[in-house]
Every structure is written in C-alpha cells, then in structure tokens.
Amino acid sequence: MRYIEPHGHMVSRTTDDYHDMATAGCQVVCEPAFWAGFDRNSAAGFYDYFSQLTEQEPKRAARYGIQHYSWICLNPKESENLELAEEVLSIIPEFLAKPRVLGVGEIGLNKNSRNELKVLEKHVDIAAKHDQLILVHTPHLEDKLKGTRLILDLLRNDSRISPERVIIDHVEEHTVKMVLNRGFWAGMTLYPESKCTSARAIDILDLFGTDRIWMNSACDWGHSVPLAVPRTALEMKKRGYSRDVIDKMIYRNPIEFLSQCPKFKVPEE
Amino acid sequence: MDVSSIFKEGNACFPVCKMERYIVGFVLELMTRQQVLDLYFMEARSKVLDLAAFLDRVDRAEGKEDFRLNALRHAMSHLQGRQLRRAEKVLLSLSDPSSLPIERALGQGACGAWSGPTPDRQRKKKSKSP
Ligand SMILES: [Zn+2]
C-alpha cells in the first residue's frame with residue numbers, strides 16, 4: 001500500500017508515529033498550520049512555529065523516507081485579537097515563498113464569529129494575491145453546518161478564487177454535498193470520536209463517489225490516530241472496493257489536488 | 001440474490017456482492033444487507049448498549065441535566081423508522097441552524113449539541129401540541 005497523509009500535525013507527534021506511518025506506506029505528509037492548544041501571545045511565536053513547519057519538520061520526516069510539506073496561516077481560533085492577527089498576516093507571505101509550502105491553510109472558522117470571518121477574508125485575499133491553494137478548516141460539532149455555509153458563501157463571493165483550488169476539510173454527512181456541489185474538493189477527517197469514523201467515511205464514498213475527495217487523519221495533540229488513513233483503506237477493502245479505487249482515494253486524489261501547486265513533487269516510484 | 005458463494009478473486013475473507021452501482025468513473029459493488037450485518041452488527045450492538053448504559057448512568061446520577069441530554073434524545077428519534085439519511089438527520093438535529101455570525105468568540109469550544117431550538121425539535125413540539 002502507498003498513501004499520502006494530506007493533513008497531519010506532525011509537530012505534535014513522536015518519531016514512533018513517523019516510523020509507523022512509513023511502515024504502513026506513507027510517502028508524503030502535509031501539515032497545515034494550526035492551534036497549539038493555547039493561544040500564542042506574539043507574532044514572534046508564530047514566526048518560530050512557521051519556521052519549525054518549513055525547516056525542521058521536513059528534516060524529521062525525511063529520516064523516515066517521508067516527504068513533508070506544509071500550509072501556512074493563522075488558525076481561526078486565534079482570530080479574535082485582530083491586532084495580533086494583522087501582525088501575523090504580515091509575515092505569512094515570507095513563508096508562502098518557501099520551497100515546501102503548498103498554500104494558505106488551515107484557515108476557516110471556529111465559533112463563526114465576526115472577527116473570525118474578517119481574518120478568513122484577509123487570508124483568502126492573501127491566497128488570491130499570491131496565487132496559492134487554500135485548505136479550509138470547518139468548525140467542530142454543532143458549529144460545522146453554519147460555519148461551512150458561511151465559508152462557502154465567502155469563497156464564492158470572491159471571483160478570484162477557483163473552487164477546484166480549494167479543499168474544504170472535515171466534511172461530514174450534513175456538509176459534504178454542499179461542498180462537492182459547488183465545485184470544491186472535500187476532505188474527510190478520520191477521528192475516533194468527533195469527526196468521521198472509517199465506516200462513515202466509506203458510507204460517504206458509497207453515496208458521493210470518489211472524485212474531488214480525500215481522507216486524512218488530522219493527527220495532532222488530541223485524541224487522533226496517525227494510521228487512520230491506511231486503516232480506512234483496509235476497511236474499504238473489506239467493503240469490496242478494488243485496489244485501484246483505494247489507491248485513487250489515498251494516493252492519486254491527494255496528488256491530483258496538491259499537484260496544482262508547482263512545488264509539490266510526486267513521489268518517485 | 002444468492003450472495004453467499006460470491007467472493008472476490010483470491011480473497012475469501014472479503015465477500016463482494018453482485019449488486020452494482022454506477023458512479024462516475026467506476027463501478028461500485030455495494031455490499032448486501034447480509035454482508036453489512038456480518039461486518040458491522042456487533043459494533044452497532046455494542047454502541048447501542050453503550051448508549052443505553054450511558055442514559056441509565058445519567059438517570060442514576062444526582063443533580064440537574066443540561067440541554068445536551070434533550071438534544072441527544074431528539075437526535076435519537078431519527079434512528080426510528082425506515083427513512084434514510086439518518087446520520088445526516090442526527091447531525092442536523094445537533095447543529096446550530098442560524099446563519100448570522102456571532103459577535104465574539106470568547107474562548108468557548110464546541111460541546112456537541114446546539115442549545116437553542118433546531119427545525120426538527122420545533123417540528124416535534126408542534127406535532128405534539130393539540
Ligand atoms: Zn488540522
């Protein structure tokens with residue numbers, strides 16, 4: 001099995017996780033910038049984090065034969081302080097120019113507040129001006145439906161944004177249809193409790209097909225499973241999906257989306 | 001349809017049925033009901049038991065409950081009957097149905113259920129009132 005982990009917060013994981021992922025066939029891991037579990041207090045804190053993502057983590061992954069790419073942004077959870085947000089937004093373009101940065105992400109909403117929307121709009125503007133791919137985080141649990149609608153409306157109102165260059169992540173049964181129908185890519189996050197289980201993610205594939213969709217573990221410092229993608233691939237096999245369709249879901253689909261960024265290099269066979 | 005003897009080539013562990021659904025680009029061979037039951041029944045049984053035990057545990061405990069319990073009971077009502085899209089309905093039932101952004105996010109996280117009225121809960125109330 002070969003696969004790509006298109007969304008993993010590897011700075012929170014141990015080398016054992018890299019080892020397990022490499023053993024399971026992981027060729028590439030993509031790491032969106034996210035919330036550290038506490039609010040950072042200064043732009044310098046973000047600068048260090050972005051440096052860790054773009055310089056240190058690729059080296060750590062390379063020891064296990066895994067290519068590492070990242071996405072840069074300020075997490076929606078840290079958008080309430082507009083002054084700090086402005087400072088952080090101003091350092092983002094410097095990192096977008098780095099050789100292993102794929103685009104702006106994971107931007108989006110958390111509690112669907114006015115300031116979160118303002119900062120989201122600014123991120124989308126940066127992405128448009130710098131011709132970047134976008135990875136969007138949709139809110140958790142009861143806030144997801146409303147947040148997904150607000151995000152899709154905002155993106156559709158910006159004529160510079162092509163939906164096929166945007167992936168809307170953490171879709172579930174109540175949001176996947178609106179995402180795919182509007183031409184965006186959809187990401188399913190395989191979490192043990194709060195997002196999709198493997199079985200439900202495969203149900204979504206049964207219903208909506210395997211075009212413009214990928215699966216990720218979004219493994220981070222919380223309750224998550226770094227091997228969620230290959231485990232779901234095994235469950236797809238149990239459910240009768242062919243080897244070719246599984247390969248499309250866990251390898252070729254991520255490549256199709258990520259290759260829209262010229263910096264992304266398809267792993268050598 | 002007799003599916004018991006139909007197995008994917010060379011792999012007797014993973015039965016595949018003949019019922020096919022055509023999705024753009026490939027033929028999807030959906031499992032039969034029997035196969036779905038064989039693969040997932042024990043897991044579903046265990047989850048129903050966990051849910052039942054959770055409700056018992058809540059009832060045995062002292063003190064007031066909050067809105068989440070009521071929200072869960074409404075969500076569970078979508079499991080009854082034979083209508084499809086139950087998972088989607090459960091998620092919608094637990095979701096904030098409003099459309100305007102909130103003024104400020106004050107550090108609160110999501111708790112899994114919406115505290116206000118949702119369309120399905122309101123429909124239920126109406127159908128109960130004389
Ligand atoms: Zn994430």
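What counts, and where the lines are drawn
- Residues numbered from 1 in each chain as written.
- Chains lettered and ligands numbered in written order.
- Predicted model: local features only at pLDDT ≥ 70, side-chain atom pairs only at ≥ 80, totals over all residues.
- Heavy atoms only, no water.
- Pairing = 2+ DSSP bridges.
- Helix = DSSP H or I, 4+ residues; strand = E, 2+ residues; numbered from the N terminus.
- Axes fitted to C-alpha atoms, helices over the stretch in contact; angles between N-to-C directions.
- Contact = heavy atoms within 4.5 Å.
- Donors = N, O, S within 2.8 Å, 3.2 Å for Na, K, Ca; no water.
- Buried < 20%, exposed > 50% of the residue type's maximum accessible area, 1.4 Å probe, protein only.
- Buried area = accessible area lost by both parts, 1.4 Å probe.
- Salt bridge = Lys/Arg side-chain N within 4 Å of Asp/Glu carboxyl O.
- Polar contact = N/O pair within 3.5 Å; in protein donor to acceptor, adjacent residues only side chain to side chain.
- Right-handed = clockwise from strand over helix to strand, strands pointing away.
- Core = buried A, V, L, I, M, F, W, Y, C linked by side-chain atoms within 4.5 Å.

Draft legend 1. Molecular detail of the sheet that holds strand β4 (residues 101-108) of chain A. All names here are of chain A. Within the open sheet, the 8 strands sit side by side as β1-β2-β3-β4-β5-β6-β7-β8. Their pairing is parallel. Every interior strand has two partners, whereas the edge strands, β1 (3-5) and β8 (213-216), have only one. The mean inter-strand angle of the sheet, taken between neighbouring strand axes irrespective of direction, is 25°. Note: strand β6 (residues 166-169) against strand β7 (residues 185-189), 2 bridges, orientation parallel. Within β7, the residue paired with Ile167 across the bridge is Trp185. Running at roughly 170° to strand β3 (residues 67-72), helix α2 (residues 43-62) makes contact with β2 (26-32), β3 and β4 of the sheet. Running over the sheet, helix α9 (residues 243-258) touches β1, β2, β3, β4, β5 (133-137), β6, β7 and β8 and is turned about 115° from β8.

Draft legend 2. Local environment of the coordination of the zinc ion. All names here are of chain A. Around the zinc ion, the protein contributes the donor atoms His7 (NE2), His9 (NE2) and Glu106 (OE), which lie 1.9 to 2.1 Å from the metal centre. Mapped onto the polypeptide sequence, the residues donating to the zinc ion form the spacing pattern H-x1-H-x96-E. Residue His9 is found in the loop between β1 and α1 (15-24), and its partner Glu106 is found in strand β4; the two are separated by 97 residues along the sequence. The class of His9 is buried, set by a relative accessible area of 2%. The class of Glu106 is buried, set by a relative accessible area of 2%.

Draft legend 3. Fine view of the interface of chain A and chain B. With 35 residues of chain A in contact, the opposing surface of chain B contributes 38 residues. Across the interface of chain A and chain B, roughly 3100 Å² is buried in total on both sides, 59% from carbon and sulfur atoms. Three residues, Arg114, Glu142 and Lys146 of chain A, lead the burial of chain A against chain B; their summed loss comes to 22% of the area buried on that side. Ionic pairing is found between Lys146 of chain A and Asp96 of chain B, a salt bridge with its closest N-O pair at 3.5 Å. Taken together, the connections running from chain A to chain B amount to 13 residue pairs in polar contact (both at pLDDT 80 or more). Looking at the side of chain A that touches chain B, the elements with two or more residues in it are α4 (114-129), α5 (144-156), α7 (198-208) and α8 (228-238) of chain A.

Draft legend 4. Region of interest: the pairing of β3 of chain A. All names here are of chain A. In terms of residue burial, β3 counts as a mostly covered element, since 5 of its 6 residues are buried. Across 5 bridges, the pairing between β2 and β3 is parallel. Bridge assignment links Cys30 to a residue of β3, and that residue is Tyr69. With α2 bridging β2 and its parallel neighbour β3, the resulting β-α-β unit is right-handed.

Draft legend 5. Focus on the environment of Glu94 of chain A. You can see Glu94 of chain A is positioned in helix α3 (residues 82-96). Polar side-chain contacts of Glu94 of chain A include one of 2.6 Å to the side chain of Tyr47 of chain A.

Draft legend 6. Representation of the nonpolar core. All names here are of chain A. Phe50, Leu155 and Ile168 are the most contacted members of the largest nonpolar core, which has 74 residues in total. For this core, the leading source of residues is α3, giving 8 residues. Those residues in contact with Leu155 that lie beyond four places of it in its chain are Val124, Ile134, Val136, Ile161, Val166, Ile168 and Phe184.

Draft legend 7. Summary view of unusual backbone geometry. Residue and element names in this part refer to chain A. Each neighbour pair has its own omega, and for Gly105 with Glu106 the value is -5°, a cis peptide bond. Positive phi outside glycine occurs at Asn112, with the angle close to 65°. Unlike most non-glycine residues, Arg212 shows phi in positive territory, near 55°. Tracing the sequence through the fold places Arg212 in the loop between α7 and β8. Arg212 sits in the partly exposed class, given a relative accessible area of 29%.

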